[in-house]
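Chain residues, written in single-letter form:
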Amino acid sequence: MSSSNQSGIIVSIVSIVVILAALVANYLIIEPMEIAAARPRPEDIFIVSYPKSGSTFVRLLLGHLALNGRQTGREGARQLDLQTIEDLVPDLEYGPNRRAYTQPPVSSKYINMPVRLFKSHQAFGFAYKPPCDKSIGSSNVEGFQCACPNCPLHMKRIVYVVRDGRDTLCSYFHFQKKLGEFAGQGAGEFTEFLEKDLNEALYPGVRWLEHTRAYWEQSRNASSDQDIYLVRYEDLRDPRTALDAATKLASWAGLPSDLESVIDALERSGFQKMRKLEEANGLKLFDRHYTGREADFRLTRKGVVGGWRDDPACQLPDEQTSEFIRSAGPLLKELGYDY
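Residues numbered from 1 in each chain as written. Predicted model: local features only at pLDDT ≥ 70, side-chain atom pairs only at ≥ 80, totals over all residues. Heavy atoms only, no water.

(A) Molecular detail of the sheet that holds strand 1 (residues 45–49). An order of 2-1-3-4 is seen for the four strands of this open sheet, with the pairing classed as parallel. Both edges of this open sheet fall to strand 2 (117–120) and strand 4 (227–232), since each of them pairs with a single strand only. Looking at each pair of strands side by side, their axes are set apart by 25 degrees on average, direction ignored. By the bridge criterion, six bridges tie strand 3 (residues 157–162) to strand 4 in an arrangement that is parallel. Across the sheet, residue V161 finds its bridge partner in strand 4, namely V231. Against the sheet, helix 9 (residues 242–253) touches strand 1, strand 3 and strand 4, its axis set at about 160 degrees to strand 3. (Pairing = 2+ DSSP bridges. Helix = DSSP H or I, 4+ residues; strand = E, 2+ residues; numbered from the N terminus. Axes fitted to C-alpha atoms, helices over the stretch in contact; angles between N-to-C directions. Contact = heavy atoms within 4.5 Å.)

(B) Examining the side chain of E234 more closely. Tracing the sequence through the fold places E234 in helix 8 (residues 233–237). Although E234 is buried, it forms no salt bridge, and the closest oppositely charged side chain is R232 at an N-O distance of 4.6 Å. Those residues in contact with E234 that lie beyond four places of it in its chain are V162, R163, D164, T241, V305 and Y337. (Buried < 20%, exposed > 50% of the residue type's maximum accessible area, 1.4 Å probe, protein only. Lys, Arg positive; Asp, Glu negative; His and termini not counted. Salt bridge = Lys/Arg side-chain N within 4 Å of Asp/Glu carboxyl O.)

(C) Here's a closer look at unusual backbone geometry. Phi angles above zero are rare outside glycine, and K52 is one such case at about 65 degrees. Position of K52 relative to the elements: it lies in the loop between strand 1 and helix 2 (55–68).

(D) The state of the cysteines, seen in detail. Evaluated as defined, the whole model comprises two disulfides. Here C170 is linked by a disulfide to C314, with a sulfur-sulfur distance of 2.0 Å. Linking C170 and C314, the disulfide has an S-S dihedral of approximately 85 degrees and is accordingly described as right-handed. Of this pair, C170 sits in helix 5 (residues 165–179) while C314 sits in the loop between helix 12 (284–289) and helix 13 (318–334); the two residues are 144 residues apart in sequence, bridging distant segments of the chain. Accessibility classification places C170 together with C314 in one group, the buried group. (Disulfide = S-S within 2.5 Å.)

(E) A look at the packing of helix 2 against helix 9. Their axes nearest at 11 Å, the elements helix 2 and helix 9 cross at an angle of 60 degrees. Compared by their axis directions, helix 2 and helix 9 come out oblique. For the crossing formed where helix 2 meets helix 9, the hand is right-handed. Residues V58, L61, L62 and L65 of helix 2 form the contact with helix 9, whose own contacting residues are A246, L249 and A250. (Parallel < 35°, antiparallel > 145°, perpendicular 65-115°, else oblique. Left-handed = near helix turned anticlockwise from the far one by under 90°.)

(F) Up close: the packing of helix 9 against helix 10 (residues 259–268). Contact geometry of helix 9 with helix 10 gives a least axis separation of 10 Å together with a crossing angle of 110 degrees. By the criterion of interaxial angle, the relationship of helix 9 to helix 10 is roughly perpendicular. Read as a crossing pair, helix 9 and helix 10 show a hand that is right-handed. For the pair formed by helix 9 and helix 10, the contact residues are A242, L243, A246 and T247 on the first element and L259, V262, I263 and L266 on the second. The class makeup of the residues in the contact of helix 9 with helix 10 is seven nonpolar, one polar and no charged. (Nonpolar A, V, L, I, M, F, W, Y, C, P; charged D, E, K, R; others polar.)

(G) Seen up close, the pattern of salt bridges. In total, this model carries 13 salt bridges according to the counting rule given. Here E210 makes a salt bridge to R207, at a shortest N to O gap of 3.5 Å. On the accessibility criterion, E210 (22% relative accessible area) is partly exposed. Note that R240 and D238 form a salt bridge whose closest N and O atoms lie 2.7 Å from each other. By relative accessible area, which is 19% here, D238 ends up buried.

Okay, here's the thing in structure tokens:
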């Protein structure tokens, strides 16, 4: 065998060894480090809810408190909108945001935030199996919906936003329809929507009842090492209770909870202000990934409490209403809702 052939064989062997070493290092060292880095940090706060329960409002409320601190009303206090909130309080349902979890803040103005805030819709518990290969947006964005850090079992501090299931499902129905994700037939569309949820479990993979009950029960689990703070959307929206509810939430989160700061954050996060800002500035994720949505789609649709009662599109036959109350009634009552 010539020396040149021997040299070629040696080079090939060395190349194979290098490649194998790199694969082993990736498997044994790099991937475990990435997985560990993607695990939620103990101090992170996750704003979790079933879709259309008010998490956007809570993101804005806590985001303003974290961003502005106690400089309310002074020069330098900043106004968030439905674009900038995606950078300040990333939505972990969106694949690239999970990838960016271990990276520095996207903007230097967020580096001094007193706490990191994130949003999630993931169901809690081993019994639920959401579609882990899914993500907000078209199929070309990163998948694995329930991969860490979007993994509730590893989250230590959770704000769970709960809303009356009848309002939630009515709002979710309009949301899915305007987004082009649900196409019903005629007058019975809402009934068809609920049947679809019952049979297939709409995104994020479990029904409202299961999603809410799991977090409610875990929040009362004295042996858990998770700190779950449950807040009702209605209490944050009702002028009679909003200030007290927002102050207690801010205090739990370790954010400014003085009267001036909380009032300022509530005003900056108000529905009418957000509607105007949505009209003016658009929606970051939806503008990018749902270009085919209906022209009158709005993330800030109504935001009212008890709106399902007066919405003709969300009325159900007596039999289906009775079935919902039979299954969800006990939980609604525990959470303080009348039915």
